Amino acid sequence: MFRRTFWFTAGAAAGVWATAKVNRKLKQLTPESLAAQAADKAIETGHRLKDFALDVREGMVRREAELGGALGLQAPVDQDLPVQRHWAVEAAGPPADAPSRTLPSNSNNRNEDH
């Protein structure tokens, strides 16, 4: 009698556990849940890329200071300056105060572009 009750209870508990696990997995696979997971991963990746870019910039500034010291250059490196984008990269075109650029005269030195 106790043996039958034990196995009945164990079977019922296993059934409830399995049903709950399947329902949880089905909720994770809904389109809304998948979209939310993808958005979370994209945001996390964006933060990691931003941190990587900041680390690279910090390393560049540090290395530039080391090289400047080794070469005897006394120009201070200002770490507070924001990164300036080249005006040709922006879709809007050059800013109003950008100097006009003229192409150099035709040179025989073909290695100047490298």
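Not measured: the values here are computed from a predicted model.

A. A look at the packing of aromatic side chains. Taken as a whole, this structure holds 1 aromatic pair when the rule is applied. On the basis of an interplanar angle of 75 degrees and a centroid distance of 5.0 Å, the ring pair of Phe6 and Trp7 is categorised as edge-to-face. Accessibility assignment for this pair places Phe6 and Trp7 in one class, exposed.

B. Summary view of the pattern of salt bridges. Considering all chains together, one arrives at 3 salt bridges under this definition. Among the ionic pairs, Glu44 bridges to Arg48, the shortest N-O distance being 2.9 Å. Separated by 4 residues within a single helix, Glu44 and Arg48 lie in helix H2 (residues 31–71), roughly one turn from each other. Taking the relative accessible area as the measure of exposure, Arg48 reaches 57% and is therefore exposed. Between Glu58 and Arg62 there is a salt bridge; the shortest N-O distance is 3.1 Å. Placement of both Glu58 and Arg62 in helix H2 is noted, with a separation of 4 residues, approximately one turn of the helix.

C. The side chain of Ser33, seen in detail. Mapped onto the secondary structure, Ser33 falls in helix H2. Only 3.2 Å separates the side chain of Ser33 from the backbone oxygen of Gln28, close enough to count as a polar contact. Setting aside chain neighbours within four positions, we find Ser33 in contact with Lys27 and Gln28.

D. The confidence of the model for the protein chain, seen in detail. This prediction gives the protein chain a mean pLDDT of 80; 64% of its residues lie at or above 70. In the model, residues 86–90 has pLDDT below 50 throughout and makes 7 contacts with residues more than four positions away in sequence or in other chains.

E. Inspection of H2 at higher detail. Between its terminal C-alpha atoms H2 stretches 59 Å, which fits the 60 Å expected from 41 residues at 1.5 Å a residue. Within H2, the full set of buried residues consists of Ser33, Val61 and Gly68. On its buried face, H2 is in contact with helix H1 (2–28). One or two positions beyond H2, positive phi appears at Gly72, with a value near 80 degrees.

Analysis parameters
- Residues numbered from 1 in each chain as written.
- Predicted model: local features only at pLDDT ≥ 70, side-chain atom pairs only at ≥ 80, totals over all residues.
- Heavy atoms only, no water.
- Phe/Tyr/Trp six-rings, centres within 6.5 Å; stacked < 30°, edge-to-face > 60°.
- Buried < 20%, exposed > 50% of the residue type's maximum accessible area, 1.4 Å probe, protein only.
- Salt bridge = Lys/Arg side-chain N within 4 Å of Asp/Glu carboxyl O.
- Helix = DSSP H or I, 4+ residues; strand = E, 2+ residues; numbered from the N terminus.
- Polar contact = N/O pair within 3.5 Å; in protein donor to acceptor, adjacent residues only side chain to side chain.
- Contact = heavy atoms within 4.5 Å.
- pLDDT = per-residue confidence, 0-100.
- Expected span 1.5 Å × (residues − 1).

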